[in-house]
Amino acid sequence: MTRLGVAAALVDDVLMPGDVAVEDGRVIEVGLPAGPNGLAVPGLVDLQVNGYAGVDFLTDGAPEWVGAARAMARAGVTAFVANLITAPEPMTLAALRIAAEVSAAMPVDVAQLLGVHLEGPFLSPARAGTHPVEHLRPPDAKLAERLLAAGPVVAVTLAPELPGALDLVTLLRSSGVLVSLGHSDATASQADAGFDAGARAVTHIFNAMSTPTARAAGLAGVALARADVAVQMICDGVHLTSASARLVIAAAPDRFVLVTDALAAAGMGDGRYQLGPVEVVVLDGQARRTDGTLAGSLLSMAAGIRGAVEAGASVGQAVAAATVRPATLVGRPDLGRLRPGATADITVLHDTLEVARTYRAGVPVS
């Protein structure tokens with residue numbers, strides 16, 4: 001048995017004074033006599049990571065993926081979904097095969113790869129953002145099936161207004177894939193149709209999508225208004241202003257999900273990096289394409305939690321948005337919880353909500 005030496009823990013979203021004990025990879029007891037300091041929370045779960053610590057998931061190999069997963073674990077993340085932006089089909093298929101290889105043989109002391117999120121290619125050219133327009137494709141069931149067969153796809157973002165999109169939502173949902181709407185110029189009725197067909201989330205709210213006006217709610221407005229939609233947000237002060245983040249938290253306090261959309265530059269410094277087929281320039285805390293288009297983030301999940309708290313979320317709400325909510329969204333109820341019997345994936349935070357240390361299945365990450 002190992003005690004973590006923390007002063008308190010978030011147990012099923014309730015702050016409980018006292019220490020936590022783990023054994024054989026499981027939490028066995030909470031509320032023990034308190035340690036000197038630190039707050040234990042479930043290990044952080046990031047559903048949108050393009051890369052990390054110099055590694056790009058679309059262009060690098062399996063050893064680099066594992067290195068990025070180790071760096072993410074040091075930063076508090078115990079599980080993640082690799083994000084692949086729109087790229088030529090052979091590049092995407094190769095990355096999916098690497099994901100399958102990595103998933104089958106990951107060390108225990110790194111963040112666990114939950115699968116892949118395909119952010120494209122079924123996106124609107126009018127809202128492409130950093131995605132290369134020349135590689136976008138209309139919804140195509142045969143292409144989707146090739147991609148699903150190549151690797152562990154757990155999520156797909158698409159634009160619901162495209163011809164054939166609703167049929168593709170049905171196909172993906174029948175395959176157990178989370179469908180999220182994004183990079184879309186959808187009207188309110190088109191957005192509603194996408195969610196009614198089975199989409200359950202919106203990708204990086206307010207970014208690369210139709211937004212509300214007085215007489216047109218757009219995709220963002222519909223997502224905020226519907227109680228059955230998870231609202232993913234990048235809380236880095238760049239993709240969303242503080243006021244926009246406050247709006248999301250106020251409208252969807254139990255539905256917002258924190259993601260980073262981190263790219264290879266995260267955890268690094270200024271310079272030039274790859275985001276799949278796109279060259280990205282990082283300067284002064286922002287990542288942009290050479291034409292100035294915003295391209296991913298440099299955010300860590302812990303920094304996203306701090307950003308959400310600064311925007312008005314309680315610590316419990318912000319931690320839930322980085323743990324149990326994303327885990328549940330991708331069908332992993334075994335993750336994102338801290339309670340007796342749960343897997344001992346635990347992040348210990350300082351009072352400042354900075355990461356002190358991380359445990360994967362009870363093993364300290366070094």
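Keep in mind that what you see is a predicted model, and the values were worked out from it rather than measured.

A. Representation of the pairing of strand 4 (residues 19–23). Most of strand 4 sits out of view: four of its five residues are buried. Relative to strand 4, strand 1 (residues 2–3) runs antiparallel, the two being bridged by two bridges. Bridging from a neighbouring strand, Arg-3 pairs with Ala-21 of strand 4. As defined by bridge partners, strand 4 adjoins strand 5 (residues 26–32) across five bridges and the pair is classed as antiparallel. Paired with Ala-21 across the two strands is Glu-29, which belongs to strand 5. Connecting the antiparallel pair strand 4 and strand 5 is a turn made up of two residues, with Asp-24 showing a positive phi of about 50°.

B. View of the side chain of His-117. Relative to the elements of secondary structure, His-117 occurs in strand 11 (residues 112–119). On the basis of relative accessible area, His-117 is assigned to the buried category, the value being 4%. Beyond its immediate sequence surroundings of up to four residues, His-117 is in contact with Leu-47, Gln-48, Val-81, Ala-82, Asn-83, Leu-84, Ala-155, Val-156, Thr-157 and Thr-203.

C. Local environment of the sheet that holds strand 18 (residues 278–283). Within the open sheet, the three strands sit side by side as 17-18-19. Their pairing is antiparallel. Edge positions in the sheet fall to strand 17 (271–275) and strand 19 (286–289), since each has one partner strand and no second. Ignoring which end each strand starts from, the neighbouring axes of this sheet average 35° apart. Bridge analysis of strand 17 against strand 18 gives five bridges, and the strand direction is antiparallel. The residue bridging Arg-272 from the neighbouring strand is Val-281, located in strand 18.

D. Region of the structure containing helix 8 (residues 301–310). Regarding helix 8, the residues found buried are Met-301, Ala-302, Gly-304, Ile-305, Gly-307 and Ala-308. Where helix 8 is buried, its residues touch strand 7 (44–49), strand 10 (77–85), helix 7 (242–251), strand 16 (256–258), helix 9 (315–321) and strand 21 (355–360). Phi turns positive, to about 115°, at Gly-312, one or two residues after helix 8.

E. The arrangement of the sheet that holds strand 4 in detail. Strand order in the open sheet formed by three strands is 1-4-5, and the pairing between neighbours is antiparallel. In this open sheet, the two edge strands, each paired with only one partner strand, are strand 1 and strand 5.

F. Quick look at the pattern of salt bridges. According to the stated counting rule, one finds 13 salt bridges in the structure shown. Among the ionic pairs, Arg-146 bridges to Glu-89, the shortest N-O distance being 2.7 Å. Separated by 57 residues along the polypeptide, Arg-146 in helix 3 (residues 141–150) and Glu-89 in helix 2 (residues 89–104) bring together distant segments of the chain. Residue Arg-146 is classed as partly exposed on the basis of its relative accessible area, which comes to 41%. Relative accessible area serves as the criterion here: at 27%, Glu-89 is assigned to the partly exposed category.

G. Main features of the pairing of strand 2 (residues 8–11). Residues Ala-8 and Leu-10 of strand 2 are buried on one face, and the alternating residues Ala-9 and Val-11, pointing to the opposite face, are buried as well. By the bridge criterion, four bridges tie strand 2 to strand 3 (residues 14–17) in an arrangement that is antiparallel. Its bridge partner being in strand 3, Val-11 is matched across the sheet by Val-14. Adjacent in sequence and paired antiparallel, strand 2 and strand 3 are bridged by two residues, among which Asp-12 carries a positive phi angle near 50°. Relative to strand 6 (residues 39–42), strand 2 runs parallel, the two being bridged by two bridges. Residue pairing across strands places Ala-8 opposite Leu-39, the latter belonging to strand 6.

H. Representation of the packing of aromatic side chains in the model. For the structure shown, the criterion picks out two aromatic pairs. For the ring pair Phe-57 and Trp-65, a centre distance of 4.6 Å and an interplane angle of 50° mean the geometry is tilted. Between Phe-57 and Phe-80, the ring centres sit 5.8 Å apart and the planes meet at 20°, which makes this aromatic pair stacked. One end of the pair, Phe-57, is in the loop between strand 9 (55–56) and helix 1 (62–74); the other, Phe-80, is in strand 10, with 23 residues separating them in the sequence. With respect to class, Phe-57 is no different from Phe-80; both count as buried. Clustering of aromatic rings is evident, with ring pairs tying together Phe-57, Trp-65 and Phe-80. Positioned above the aromatic ring of Phe-256 is the side chain of Arg-325, whose terminal nitrogen or guanidinium carbon lies 5.0 Å from the ring centre.

What counts, and where the lines are drawn
- Residues numbered from 1 in each chain as written.
- Predicted model: local features only at pLDDT ≥ 70, side-chain atom pairs only at ≥ 80, totals over all residues.
- Heavy atoms only, no water.
- Buried < 20%, exposed > 50% of the residue type's maximum accessible area, 1.4 Å probe, protein only.
- Helix = DSSP H or I, 4+ residues; strand = E, 2+ residues; numbered from the N terminus.
- Pairing = 2+ DSSP bridges.
- Contact = heavy atoms within 4.5 Å.
- Axes fitted to C-alpha atoms, helices over the stretch in contact; angles between N-to-C directions.
- Salt bridge = Lys/Arg side-chain N within 4 Å of Asp/Glu carboxyl O.
- Phe/Tyr/Trp six-rings, centres within 6.5 Å; stacked < 30°, edge-to-face > 60°.
- Lys NZ or Arg CZ within 6 Å of the ring centre and 35° of its normal.

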